[in-house]
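Understanding the architecture of this molecule
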Amino acid sequence: MNTTAQKIIEHLNLAKHPEGGWYREIYRSAYMIPANGLPHYYGDARYVSTSIYYLLTGNEFSAFHRLKSDEIWHFYLGSPLQIHLIGENKTYTSVIMGNKLENNEHLQWVIQRNTWFAAGLMQPESYALIGCTVAPGFHFSDFELGKKDVLKKLFPAYKDIIDNFTH
């Protein structure tokens, strides 16, 4: 593991994330949205917003998953990373996050709800520290980790990407 990444993990007190990488929640709104103020697919109340630190290092990746809420990724430190997105219309796009604006890297990217997405480093010997903000706030019942065989049946045109970014 990259020594800078190890220092970040220790300094920010990050833990392993189920989708891959490292994380720690840093914000959970004090305010709740009642269930009757949310779309029916949430089922019960949610916090207005939540936020985490998220770190990838080496060959780690964020495996394909989707959320019931929009998620905003914010680039902080390290090397560029690529986000792979498959929308509800089955269209694939990718985005490079980083701080080299002259290379068309993005400092921030919004991932629409119900979009399958995964991410990996473009320079595996490095790391990337980002932040993720979810609104309405993240709840593990709103998180779906992709299953390789199911995703390949749904999106056969993207089977190579799915193979590379699922556990």
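Treat the numbers as computed from the prediction; the structure is a model and nothing was measured.

**Description of unusual backbone geometry**
Only a minority of non-glycine residues have a phi that is not negative, and only a minority of peptide bonds are not trans. The peptide bond linking A135 to P136 adopts the cis configuration, its omega dihedral lying at -15 degrees. Residue position: P136 is located in the loop between β12 (127-135) and β13 (143-145). Although it is not a glycine, K90 sits at a positive phi angle of roughly 70 degrees. Following the sequence through the fold, K90 ends up in the loop between β8 (81-86) and β9 (92-97).

**Thoughts on the sheet that holds strand β11 (residues 116-121)**
Strand order in this open sheet of 5 strands is β9-β8-β11-β6-β13, and the pairing throughout is antiparallel. Strands with a single pairing partner mark the edges of an open sheet, and in this sheet they are β9 and β13. Across the sheet, the mean angle from the axis of one strand to that of its neighbour is 25 degrees, orientation sign disregarded. Pairing between β8 and β11: 6 bridges, direction antiparallel. Residue pairing for β11: H84 is matched across the bridge by A118.

**Regarding the packing of aromatic side chains**
Pairs of aromatic rings are described using the distance from one ring centre to the other and the angle between the two planes. According to the stated counting rule, one finds 9 aromatic pairs in the structure shown. Arranged with centres 5.6 Å apart and planes meeting at 80 degrees, the rings of F61 and F165 form a pair that is edge-to-face. Here F61, found in strand β6 (residues 61-67), pairs with F165, found in the segment after α3 (159-164); they are 104 residues apart in sequence, far enough to count as distant. F165 shares its class with F61; the two are buried. Here F138 and F143 contribute two aromatic rings whose centre-to-centre distance is 6.3 Å and whose plane-to-plane angle is 65 degrees, an arrangement assigned as edge-to-face. Like F138, the residue F143 is buried in the burial classification. Site record: aromatic cluster; members linked through ring pairs are Y54, W73 and F117.

**Re the sheet that holds strand β1 (residues 15-16)**
Across the sheet, 6 strands lie side by side as β1-β2-β5-β12-β7-β10; this open sheet has antiparallel pairing. Single-partner strands in this sheet number two, and they are β1 and β10 (108-111). Two elements, strand β7 (residues 70-78) and β10, share 4 bridges in a ladder whose sense is antiparallel. Paired with E71 across the strands is I111, a residue of β10.

**A word on the pairing of β11**
Within β11, 6 of the 6 residues are buried, leaving the element largely enclosed by the surrounding structure. Going residue by residue along β11, you find W116, A118 and G120 tucked away on one face and F117, A119 and L121 tucked away on the opposite face as well. Note that β6 and β11 share 3 bridges and pair antiparallel. Residue pairing across strands places S62 opposite A119, the latter belonging to β11.

What counts, and where the lines are drawn
- Residues numbered from 1 in each chain as written.
- Predicted model: local features only at pLDDT ≥ 70, side-chain atom pairs only at ≥ 80, totals over all residues.
- Heavy atoms only, no water.
- Helix = DSSP H or I, 4+ residues; strand = E, 2+ residues; numbered from the N terminus.
- Pairing = 2+ DSSP bridges.
- Axes fitted to C-alpha atoms, helices over the stretch in contact; angles between N-to-C directions.
- Phe/Tyr/Trp six-rings, centres within 6.5 Å; stacked < 30°, edge-to-face > 60°.
- Buried < 20%, exposed > 50% of the residue type's maximum accessible area, 1.4 Å probe, protein only.

From the geometry alone we can't say anything about function, so treat these as descriptive.
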